[in-house]
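Chains, contacts and geometry: an overview
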Amino acid sequence: KLGCEVHALRCEANGEFPEHAPDPSQAKHLDLLRHAVQQQHADIGIAFDGDGDRVVLIDEKGVIISADRLLSLFAHMCLADHPAHEVVFDVKCSTMVRNTVLAHQGIPKMIRTGSSFLRKYLAQSEGHAVFGGEYAGHYVFNDGRGLGYDDGLYAALRLLEHLESTQQSLSEVLAEFPERTSSTDIYIDANGIDREQLFAHIQDYIQNDLTQVGEQSMTLSCVDGIRLDFPYGFGIIRASNTGEYFTVRFDADDALLLAKIKAFFVEMVHTISPHFAQALQEIAA
């Protein structure tokens, strides 16, 4: 209806999912789409999950756009029309999102992970929060045009509108938000670890042993699990809402600093759970 030339891939409903799960957050699931974008010289590739509330985008060069970069762009778009309003994001998002909101005269608000928490916060903000998103690929426009819930198709259409109005390619509009050095979501089996005990141990470690590790500029957040922000990146450990495992993610300015943050987390958890520390150490290798 917008006059786009559309090439559909895997759009025949099949609950057996013969090729793979409908999860666009897995890069290996996007190979067919990436190749199609490049072969057909398309302007954009759009990948939805099974129920269409999440979306992942691919630029005209076949590059998968991280949620951090897309969140930053959407925040910039909404704040251009609604300065001094809130932009909401979950605890797994990069420092780049917060910095982008501040740079565009917005108010950053970090909340716990979970799309239901995101929608609830936006609904109760009485219009003060104009946009919200999650690292998992949920994007909610609450700026008077969007309907206040996560709709992957609507988010993609808003981006197409922006590309048309700026007459730029997706890679060009995202040039302001270069990719950072980061990990994807890392899942570690809880293996009998008490989450409250683990988080309490980390808080105690930070309060009592911080002077020994030279990280006085670090900031602790307990909004959802344990998130530590450094001047050069962050790390987070949070307990899953749906399974017996922990989710870990790291982000930094470069690979050396990313390794430094990982090593710091390994040291923190080693005394309470050598199993957890070993799993982190293997990830850091």
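The present account deals with the structure reproduced in this document. Because the structure is predicted, anything quoted here is derived from the model rather than measured. (Residues numbered from 1 in each chain as written. Predicted model: local features only at pLDDT ≥ 70, side-chain atom pairs only at ≥ 80, totals over all residues. Heavy atoms only, no water.)

**Description of the overall build of the protein chain**
The condition is simple: In this description a helix means any DSSP run of H or I spanning at least four residues, a strand means any run of E spanning at least two, and both kinds are numbered starting from the N terminus. Here the term buried applies to any residue with accessible area under 20% of the maximum for its type, exposed to any over 50%, and partly exposed to those in between, with areas from a 1.4 Å probe on protein chains only. Working definition of accessibility: Shrake-Rupley area with a 1.4 Å probe, residue cover restricted to the visible protein chains. Charged-residue counts in this description rest on Lys and Arg as positive and Asp and Glu as negative, His and the chain ends being excluded. Charge placement uses NZ in Lys and CZ in Arg. For Asp and Glu, CG and CD serve respectively.
From N to C terminus, the protein chain includes nine helices and 12 strands. Projected onto its principal axes, the C-alpha coordinates of the protein chain cover approximately 60 × 45 × 35 Å. Expressed as a percentage of the 285 residues in the protein chain, the buried residues total 48%. Here the protein chain has roughly 14300 Å² of accessible surface; of this, 50% comes from carbon and sulfur atoms. Charge centroids of the protein chain, computed over 22 positive and 41 negative side chains, lie 1 Å from each other.

**Digging into the pairing of strand S4 (residues 107–111)**
Spelled out, the test is: A pair of strands is labelled paired if DSSP reports no fewer than 2 bridges between them. If you view a crossover with the strands going away from you and the path from the first strand over the helix to the second runs clockwise, you call it right-handed.
In terms of strand pairing, strand S3 (residues 86–90) meets S4 through five bridges, oriented parallel. When the sheet's bridge partners are listed, Val88 is paired in S4 with Lys109. Remark: the S3/helix H3 (residues 95–103)/S4 crossover connection has right-handed handedness.

**Digging into the packing of aromatic side chains**
Condition: Aromatic rings from Phe, Tyr and Trp, with only the six-membered ring used for Trp, were paired whenever their centres fell within 6.5 Å, and each pair was classed as stacked if the ring planes differed by under 30 degrees, edge-to-face if by over 60, and tilted otherwise.
Tallied over the entire structure, the rule returns 12 aromatic pairs. Taken together, a centroid distance of 6.1 Å and an interplanar angle of 85° make the contact between Phe199 and Phe246 edge-to-face. Here Phe199 is found in helix H7 (residues 195–213), whereas its partner Phe246 is found in strand S12 (residues 245–252), with 47 residues between them in sequence. For Phe199, a relative accessible area of 9% gives the class buried. According to the relative accessible area criterion, Phe246 is buried, its value standing at 2%. Joined through ring pairs, the aromatic side chains of Phe74, Phe131, Tyr139, Phe141 and Tyr154 make up one cluster.

**Describing the nonpolar core**
Applied cut-off: We call a set of buried residues a nonpolar core when its members are Ala, Val, Leu, Ile, Met, Phe, Trp, Tyr or Cys and they connect through side-chain atoms within 4.5 Å of each other. Any two residues whose heavy atoms approach within 4.5 Å are treated as being in contact.
Among the nonpolar cores identified, the biggest contains 32 residues, and Leu57, Phe74, Phe131, Tyr139, Leu159 and Leu170 are the most heavily contacted of them. Sort the elements by how many residues they give to this core and helix H2 (residues 67–81) lands first, with nine residues. Contact partners of Phe131, with chain neighbours within four places excluded, come to Leu71, Phe74, Ala75, Cys78, Glu86, Val87, Val88, Leu122, Tyr139, Val140, Phe141 and Asn142. Among the nonpolar cores identified, the runner-up in size contains 31 residues, and Phe199, Tyr205, Tyr232 and Phe250 belong to it.

**Brief notes about helix H5 (residues 152–166)**
To be explicit about the condition: One less than the number of residues in a helix, times 1.5 Å, gives the span that helix is expected to have. The arc under discussion is defined with respect to the helix axis, by the directions toward the C-beta atoms. Pairs of N or O atoms are called polar contacts if they sit within 3.5 Å, as long as, within protein, a hydrogen donor faces a hydrogen acceptor (for residues adjacent in sequence, only side-chain-to-side-chain pairs).
For H5, built from 15 residues, the straight-helix expectation of 21 Å at 1.5 Å per residue is met to within 8% by its first-to-last C-alpha distance of 21 Å. What H5 keeps buried is the set Gly152, Ala155, Ala156, Arg158, Leu159, His162 and Leu163. With its buried residues spanning 155° around the axis, H5 presents them on a single face. Exposed and oriented more than 90 degrees from the buried face of H5 are Glu164 and Ser165. Here the buried face of H5 lies against strand S1 (45–48), strand S2 (55–58), H2, strand S6 (139–141) and helix H6 (170–173). Looking at where H5 begins, the residue whose side-chain oxygen comes 3.0 Å from the main-chain nitrogen of Leu153 is Asp151. Backbone geometry just downstream of H5 places Gln167 in the positive-phi region, at approximately 55°.

Note that all results are geometric; they support no functional claim without further evidence.
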